[in-house]
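Observations on the three-dimensional arrangement
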Amino acid sequence: MSLSRLIYGVLLSLGVLAGCSGSSDDELRQWMAQQKSQTFPKVPPLSEPKQFKPENYTQVTDFDPFSLKKLTMALKKDAAQASSNGALLAPELARRKEPLEEFPLDTAALVGSMVRDGKPVALVTVGKLLYQVRVGDHLGQNYGRITKIAESEVTLREIVQDAAGEWIERTATLQLQERSK
């Protein structure tokens, strides 16, 4: 039975191929030529270009951006800024990092303060750990150094880069966080 199905399938395939091979595409070519001859594209004309009017450069004598004097002044200014930046940042780079400098300041929370041996001590949590910090300790990733501890806040001096890339000092505070139950 399967041999008869195979023969029937082969004969049917040959019939289909014979029906497709005898057709001519002259009618299709004639229709395409007719459509091509009847179609005319509509392209709007281009507008006239604006007339170029050259302008005279009037500041030839006022400013020379490549003058040697101007370049040396700019280099001296950059060198002065680099040395002032280095003076601010060099002590921070020379010291050993403290453990609380691994964490960003916004992950730390002030949960209390106390006086120990006559000096203020702040209680700071980072993650689930509690730390005691004193004035002079470092906190945060921006070279933050604790300058003042009050009952409700800790004040830090941070060294950060401004938009121009210069190192500047800024003040940051860590406010007392009350726990909600």
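For clarity, every value in this text was computed on a predicted model and none was experimentally measured.

This next bit is on the sheet that holds strand β5 (residues 153-161). The antiparallel open sheet is built from three strands, whose spatial order is β4-β5-β6. Two strands in the sheet have a free side with no partner beyond their single neighbour: β4 (145-149) and β6 (167-175). Averaged over neighbouring strand pairs, the angle between their axes works out to 25° when direction is ignored. Looking at chain direction, β5 and β6 are connected through nine bridges and run antiparallel. Among the inter-strand pairings, Val160 is bridged to a residue of β6, identified as Ile168.

For the rest of this paragraph, the subject is the packing of aromatic side chains. A complete count under the given rule lists one aromatic pair for this structure. Centre to centre, the rings of Tyr143 and Trp167 are 6.2 Å apart; their planes meet at 70°, and the pair counts as edge-to-face. Placement of the pair is Tyr143 in the loop between β3 (129-133) and β4 and Trp167 in strand β6, with a sequence separation of 24 residues.

This part takes up the pattern of salt bridges. If you walk through the whole model with that rule in mind, you get four salt bridges. Ionic pairing is found between Arg29 and Asp25, a salt bridge with its closest N-O pair at 3.5 Å. Of the residues examined, Arg29 reaches a relative accessible area of 55% and is grouped as exposed. Here Asp25 falls in the partly exposed class, since its relative accessible area comes to 39%.

Turning our attention to the nonpolar core. Core analysis: the largest hydrophobic core is formed by 15 residues, its most contacted members being Val124, Val154 and Leu174. Looking at this core, the elements with two or more residues in it are β1 (108-116), β2 (119-126), β4, β5 and β6. The greatest single-element share of this core, amounting to three residues, is contributed by β2. Here Leu174 is in contact with Leu105, Ala108, Leu110, Val124, Leu139, Ser152, Glu153, Val154 and Leu156, once residues within four sequence places are set aside.

Looking now at the environment of Gly127. Checked against the element boundaries, Gly127 lands in the loop between β2 and β3. Judged by its relative accessible area of 66%, Gly127 is exposed. Gly127 sits 24 residues away from Phe103 along the chain, and the two C-alpha atoms are 9.5 Å apart.

A separate point is the side chain of Glu158. With respect to the helices and strands, the residue Glu158 is situated in strand β5. For Glu158, a relative accessible area of 2% gives the class buried. Discounting chain neighbours no more than four positions away, the residues touching Glu158 are Leu105, Asn142, Tyr143, Gly144, Ile168, Glu169, Arg170 and Ala172.

Scoring rules and cut-offs
- Residues numbered from 1 in each chain as written.
- Predicted model: local features only at pLDDT ≥ 70, side-chain atom pairs only at ≥ 80, totals over all residues.
- Heavy atoms only, no water.
- Pairing = 2+ DSSP bridges.
- Helix = DSSP H or I, 4+ residues; strand = E, 2+ residues; numbered from the N terminus.
- Axes fitted to C-alpha atoms, helices over the stretch in contact; angles between N-to-C directions.
- Phe/Tyr/Trp six-rings, centres within 6.5 Å; stacked < 30°, edge-to-face > 60°.
- Salt bridge = Lys/Arg side-chain N within 4 Å of Asp/Glu carboxyl O.
- Buried < 20%, exposed > 50% of the residue type's maximum accessible area, 1.4 Å probe, protein only.
- Core = buried A, V, L, I, M, F, W, Y, C linked by side-chain atoms within 4.5 Å.
- Contact = heavy atoms within 4.5 Å.

Read these as layout, nothing more, since geometry by itself doesn't imply function.
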